[in-house]
Amino acid sequence: MMLDKNCHHDCNQNQCPFAQDTGNPNRYVCLKCGVEREINQYSSGFGSFLLLLLSLFIAFQLLVNYEKQNNGQRQQQSLNNSPNKAIIHL
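As the structure is a computational prediction, the values presented were derived from the model and not from experiment.

Novice: Residues and numbers for the sheet that holds strand 3 (residues 36-38), please.
Specialist: Read from one edge to the other, the open sheet built from 3 strands follows the order 1-2-3, with strand pairing classed as antiparallel. Strands with a single pairing partner mark the edges of an open sheet, and in this sheet they are strand 1 (18-20) and strand 3. Going from strand to strand, the sheet's axes swing by 30° on average, the running direction of each strand aside.

Novice: Before we move on, could you go through the pattern of salt bridges and cite the residues and values that matter?
Specialist: In the structure shown here, the tally under the stated rule is 2 salt bridges. Here arginine 27 ties to aspartate 21 by a salt bridge, and the two come within 2.7 Å at their closest N and O atoms. Since its relative accessible area comes to 24%, aspartate 21 is described here as partly exposed. Glutamate 36 is the salt-bridge partner of arginine 27, the closest N and O atoms lying 2.9 Å from each other. Its relative accessible area of 21% is what places arginine 27 among the partly exposed residues. When its relative accessible area of 48% is taken as the criterion, glutamate 36 is described as partly exposed.

Rules used throughout
- All residue numbers here refer to positions counted from 1 along the written sequence of the relevant chain.
- Residue-level local features of this predicted model are given only where pLDDT is at least 70; pairs of side-chain atoms are given and counted only at 80 or more, and the full residue set underlies all totals for whole chains, interfaces and linings.
- Side-chain measures here rest on the full set of heavy atoms in the structure, leaving out hydrogens and waters.
- In this analysis, strands are considered paired if DSSP registers two or more bridges between them.
- What counts as a helix is a DSSP run of H or I of at least four residues, what counts as a strand is a run of E of at least two, and both are numbered from the N terminus.
- In this description, a line fitted to the C-alpha atoms serves as the axis of each element, helices being fitted only across the stretch in contact, and the angle between N-to-C directions of two axes falls anywhere from 0 to 180 degrees.
- Criterion for a salt bridge: a side-chain nitrogen of Lys or Arg within 4 Å of a carboxyl oxygen of Asp or Glu.
- Residue burial is assigned from relative accessible area. The probe radius is 1.4 Å, only protein chains are included, and a residue is buried under 20% of its type maximum, exposed over 50%, and partly exposed in between.

The structure is reproduced here in structure tokens:
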């Protein structure tokens, strides 16, 4: 598998002789084909996507619980302010 179109060597990331850049310890370069590899770089945004979904789920749950609590308080207030309350005199 060739990583670089200009690479005339038969190397892949498992067999490339990578050397560490002295100016940037997170950067490695293949000595044969010049392919660069960043060690501390995220390869995909999948983790960020999951974090976004989790945040949306938590926000939704908080909103639902807030609405339930408000509905319960409104019902209690409407019962307390109801004109049909019976007044019992003993």
